[in-house]
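# Analysis of the macromolecular model
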Amino acid sequence: MYDGKQQADYLQHRNTKQALKRQRLAETTKQQKYLDTTQLRRGRIDKLNALKEDAKDEEMAKHLELLVPDGAVEGDDPVALLTNGNESENNDQMTTDPAKKDEP
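Since the structure is predicted, the reported quantities are computational estimates derived from the model, not experimental observations.

This brings us to the overall build of the protein. In terms of regular secondary structure, the protein is built from four helices and zero strands. Counting from the amino terminus, the protein carries its helices and strands in the arrangement α-α-α-α. With the model as given, the accessible surface of the protein reaches about 10400 Å², and the carbon-plus-sulfur share is 52%.

Another aspect to go through is a negative patch on the surface. On the surface, a cluster of negative charge is made up of E53, D54, D57 and E58. Counting only elements with at least two residues in the negative patch, the list comes to α1 (7-54) and α2 (56-66).

Here the focus is the confidence of the model for the protein. Residues shown with low pLDDT carry predicted positions that ought not to be read at fine detail. Residues with a pLDDT of 70 or more make up 63% of the protein, whose mean pLDDT is 77. Averaged pLDDT values for the elements of the protein fall to 50 in helix α3 (residues 87-90) and rise to 92 in α1.

Conventions used here
- Residues numbered from 1 in each chain as written.
- Predicted model: local features only at pLDDT ≥ 70, side-chain atom pairs only at ≥ 80, totals over all residues.
- Heavy atoms only, no water.
- Helix = DSSP H or I, 4+ residues; strand = E, 2+ residues; numbered from the N terminus.
- Areas by Shrake-Rupley, 256 points an atom, 1.4 Å probe, with all protein chains shown as cover.
- Patch = residues over 30% accessible without salt bridge, like charges linked within 9 Å, V, L, I, M, F, W, Y side chains within 5 Å.
- Salt bridge = Lys/Arg side-chain N within 4 Å of Asp/Glu carboxyl O.
- Lys, Arg positive; Asp, Glu negative; His and termini not counted.
- Charge placed at Lys NZ, Arg CZ, Asp CG, Glu CD.
- pLDDT = per-residue confidence, 0-100.

Have a look at this one:
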């Protein structure tokens, strides 16, 4: 009944074998779960990168629309503002340079 061993020895050996079997099963399950999650993650990342690549031209077009020059350009010489035909009289008075505008 106990394979020629004492009952205590047999039960101890059986419990050790069962614990080892459970440990191997848990390790195998953990490894399979790890593989599944990494493959799933890799698949999701690949799909995301494919979507990004497909939408790259569309995003670039959106960004190009936003690259409209606006505001004053800094330069060495002041730019005269347009007037109604009195350009020569008001050329010295009207500039876009705030430092020049405040000077008398």
